[in-house]
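One-letter residues, chain by chain:
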Amino acid sequence: MRKMVRLVSTLVVITSAAWLTACSNKPVTKEAPAAKADPAVVAAGKAIATGRSKGNCLACHMIEDGESPGNIGPPLLAMQARFPDKAKLRAQIWDATAVNSESAMVPFGRLKVLTDDEIDKVVEYIWTL
Ligand code: HEC
């Protein structure tokens, strides 16, 4: 009887070890890394964002190597950490007043200051910051 008990407990140990190994060997399903933004689109977005005649984001925001930045808005950096959801970043740029009705930021999409295509490019650029 004792042998039987030992046999059963050995089997239990072996099965659970096998089970644990099987589990830990499972491929870790990582989220696919965010697709690398197209450098041409990012460059076009940068031109729009930093150009004084279009986005003119520099009037209010500090952007890495941008010249004479304003400080009315927060510096645009660590954007992916602060906006993991790119759609939220786009929404902020499309119409900042949707989040903050008192926002000093131009509602670029709502007022058609920038086209949807231009905003998409700006978003791609800002997301690299
Ligand atoms: C007239 C000033 C002004 C201009 C021009 C402006 N912004 Fe803003 N922006 C702000 C202010 C102020 C805020 C702070 C939040 C608010 O009040 O809406 C802000 C917030 C933001 C945020 C959110 C930042 C955060 O940390 O939450 C982003 C992203 C942003 N702006 C991007 C842009 C981009 C891109 C442009 C150019 C296309 C731009 N802004 C142009 C004033 C401006």
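Before reading further, recall that the structure is shown in the block above.
My aim in this report is to walk through the structure given alongside it, one point at a time. (Residues numbered from 1 in each chain as written. Predicted model: local features only at pLDDT ≥ 70, side-chain atom pairs only at ≥ 80, totals over all residues.)

**Focus on the nonpolar core**
Right, so step 1: Counting 12 residues, the largest nonpolar core consists of Ile48, Ala49, Cys57, Leu76, Leu89, Ile93, Phe108, Leu114, Val122, Val123, Tyr125 and Ile126.
Right, so step 2: Elements that contribute at least two residues to this core include exactly α2 (39–50), α4 (86–94) and α5 (116–126).
Right, so step 3: Element by element, the count of residues in this core is highest for α5, at four residues.
Right, so step 4: Setting aside residues up to four positions removed in sequence, Leu76 forms contacts with His61, Met62, Ile63, Ile126 and Leu129. (Core = buried A, V, L, I, M, F, W, Y, C linked by C-beta atoms within 7 Å. Buried ≥ 20, exposed ≤ 12 C-beta atoms within 10 Å, placed from the backbone. Helix = DSSP H or I, 4+ residues; strand = E, 2+ residues; numbered from the N terminus. Contact = placed C-beta atoms within 7 Å.)

**A closer look at the environment of Pro75**
Right, so step 1: Within the fold, Pro75 resides in the loop between α2 and α3 (79–82).
Right, so step 2: Note on Pro75: 12 C-beta atoms within 10 Å, which makes it exposed.
Right, so step 3: Between the C-alpha atom of Pro75 and that of Glu64, which follows or precedes it by 11 residues, the distance is 8.7 Å.
Right, so step 4: Every residue in contact with Pro75, bar those within four places of it in the chain, is listed here: His61 and Met62.

**Looking at the site of the ligand**
Right, so step 1: In the vicinity of the ligand, 24 residues are found, and the nearest of them are Gly55, Cys57, Cys60, Gly73 and Ser103.
Right, so step 2: Elements with a minimum of two residues in the shell around the ligand: α4 and α5.
Right, so step 3: Take the shell around the ligand: its biggest share by element is three residues, from α4.
Right, so step 4: For the shell around the ligand, the class distribution of residues is 16 nonpolar, seven polar and one charged. (Near = placed C-beta within 6 Å. Nonpolar A, V, L, I, M, F, W, Y, C, P; charged D, E, K, R; others polar.)

**Some points on the packing of α2 against α5**
Right, so step 1: Running from amino to carboxyl end, α2 crosses α5 at an angle of 100°, the nearest separation of the two axes being 7 Å. Between α2 and α5, the crossing angle belongs to the class labelled roughly perpendicular. Together, Val41, Val42, Ala44, Gly45, Lys46, Ile48 and Ala49 of α2 and Glu118, Lys121, Val122, Glu124, Tyr125 and Ile126 of α5 make up the contact between the two elements. (Axes fitted to C-alpha atoms, helices over the stretch in contact; angles between N-to-C directions. Parallel < 35°, antiparallel > 145°, perpendicular 65-115°, else oblique.)

**Things to note about the environment of Leu89**
Right, so step 1: On the secondary structure map, Leu89 appears in helix α4.
Right, so step 2: Sequence separation between Leu89 and Trp127 is 38 residues; the distance between their C-alpha atoms is 8.1 Å.
Right, so step 3: Every residue in contact with Leu89, bar those within four places of it in the chain, is listed here: Met79, Phe83, Val123, Ile126 and Trp127.

**Comments concerning the environment of Ala44**
Right, so step 1: Structurally, Ala44 is set in helix α2.
Right, so step 2: A count of 18 C-beta atoms within 10 Å places Ala44 in the partly exposed class.
Right, so step 3: Here the alpha-carbon distance between Ala44 and Lys121, two residues 77 residues apart in the chain, equals 6.4 Å.

**Overview of α2**
Right, so step 1: Helix length check: α2 (12 residues) gives 16 Å between terminal C-alpha atoms against 16 Å at 1.5 Å per residue, within 8%.
Right, so step 2: Here α2 has its buried residues at Gly45, Lys46, Ile48, Ala49 and Thr50. (Expected span 1.5 Å × (residues − 1).)

Shape is all these values report; function is a separate question.
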